[in-house]
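Remarks on the overall topology
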Amino acid sequence: MKILLDENLDWRLRRDLRGHTVESVPLIGWAGLKNGALLARAEARFEVLITMDGSLPRQQNLAKYKIAVIALQAPSNRLADTRPLMPKVLRLLPKVRPGAVTVISS
């Protein structure tokens with residue numbers, strides 16, 4: 001699966017998503033894009049966006065995008081807080097659907 005990590009997540013999380021193609025917003029030069037522009041650009045290249053932006057589902061009509069969104073809820077976006085969620089992400093990936101958001105919490 002092609003996965004994009006939002007800029008609010010540590011790019012090193014991609015190491016925990018073995019078996020998938022994982023990129024990071026800053027590493028591909030998309031840092032600073034607003035949510036709508038990011039979703040529009042991401043849906044052309046990725047199947048899933050992983051973010052900690054809890055407001056994204058409320059701000060955007062995700063049903064109009066061909067990308068699934070996984071929203072992480074952790075004490076912080078530090079690697080130590082988000083890395084433990086990656087096994088849950090891996091189990092959930094086969095079930096995510098474009099245009100929908102799934103929340104994963106610690």
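Right above here is the structure, for reference.
Residues numbered from 1 in each chain as written. Predicted model: local features only at pLDDT ≥ 70, side-chain atom pairs only at ≥ 80, totals over all residues. Heavy atoms only, no water.

**As for the pattern of salt bridges**
The line we're drawing: The rule for a salt bridge is simple: a side-chain nitrogen of Lys or Arg has to be within 4 Å of a carboxyl oxygen of Asp or Glu. In this scheme, a residue with accessible area under 20% of its type's maximum is buried, one over 50% is exposed, and one in between is partly exposed, where area comes from a 1.4 Å probe on protein chains only.
Going through the model one piece at a time under the given rule, you end up with 3 salt bridges. Residues Asp10 and Arg12 are paired through a salt bridge, measuring 2.7 Å at the closest nitrogen-oxygen approach. The class for Asp10 is buried, based on a relative accessible area of 17%. A salt bridge links Asp16 to Arg83, with the nearest nitrogen and oxygen atoms 2.7 Å apart.

**Things to note about the side chain of Ser24**
Test applied: What counts as a helix is a DSSP run of H or I of at least four residues, what counts as a strand is a run of E of at least two, and both are numbered from the N terminus. Residue contacts are counted whenever heavy atoms from the two residues lie within 4.5 Å of one another.
With respect to the helices, strands and loops of the structure, Ser24 is situated in strand β2 (residues 21-24). Among the residues examined, Ser24 registers a relative accessible area of 1% and is labelled buried. Other than its neighbours up to four places away in sequence, Ser24 contacts Leu4, Leu5 and Trp11.

**As for the packing of aromatic side chains**
How we decide: Aromatic pairs are defined between Phe, Tyr and Trp rings, using the six-membered ring for Trp, whenever the two ring centres lie within 6.5 Å; interplanar angles under 30 degrees are classed as stacked, those over 60 as edge-to-face, and all others as tilted.
On inspection of all chains with the given rule, the structure shows 1 aromatic pair. Each ring, one from Trp30 and one from Phe46, has its centre 6.1 Å from the other, and the planes form 90 degrees; the classification is edge-to-face. With Trp30 in the loop between β2 and α1 (35-42) and Phe46 in the loop between α1 and β3 (48-51), this pair connects stretches of sequence that are 16 residues apart.

**Digging into the sheet that holds strand β5 (residues 101-105)**
Rules: Two strands form a pair only when DSSP identifies at least two bridges running between them. Axis geometry follows a simple rule: fit a line to the C-alpha atoms, using only the stretch in contact for helices, then measure angles between N-to-C directions, giving values from 0 to 180 degrees.
Strand order in the open sheet formed by 5 strands is β2-β1-β3-β4-β5, and the pairing between neighbours is parallel. A single partner strand is all that each edge strand has here, and the edge strands are β2 and β5. Geometrically, the sheet is characterised by an average inter-axis angle of 20 degrees between neighbouring strands, direction not taken into account. For strand β4 (residues 68-73) and β5, the ladder comprises 5 bridges, and the chain directions are parallel. When the bridges of β5 are listed, Gln73 appears paired with Ser105.

**Some thoughts on the environment of Met52**
With respect to the element layout, Met52 can be found in the loop between β3 and α2 (56-59). The sequence separation of Met52 and Asn77 amounts to 25 residues, and the corresponding C-alpha distance is 7.1 Å. Those residues in contact with Met52 that sit more than four places away from it in its chain are Asn8, Leu9, Leu72, Ala74, Ser76, Asn77 and Thr82.

**Here's the deal with α1**
As a reminder of what qualifies: When we speak of the arc, we mean the arc of directions from the helix axis to the C-beta atoms.
Along α1, the residues that are buried comprise Asn35, Gly36, Leu38, Leu39 and Ala42. An end-on view of α1 places all buried positions within 165 degrees of arc, on one side of the element. Along its buried surface, α1 packs onto β1 (2-5), β3, α2 and β4.

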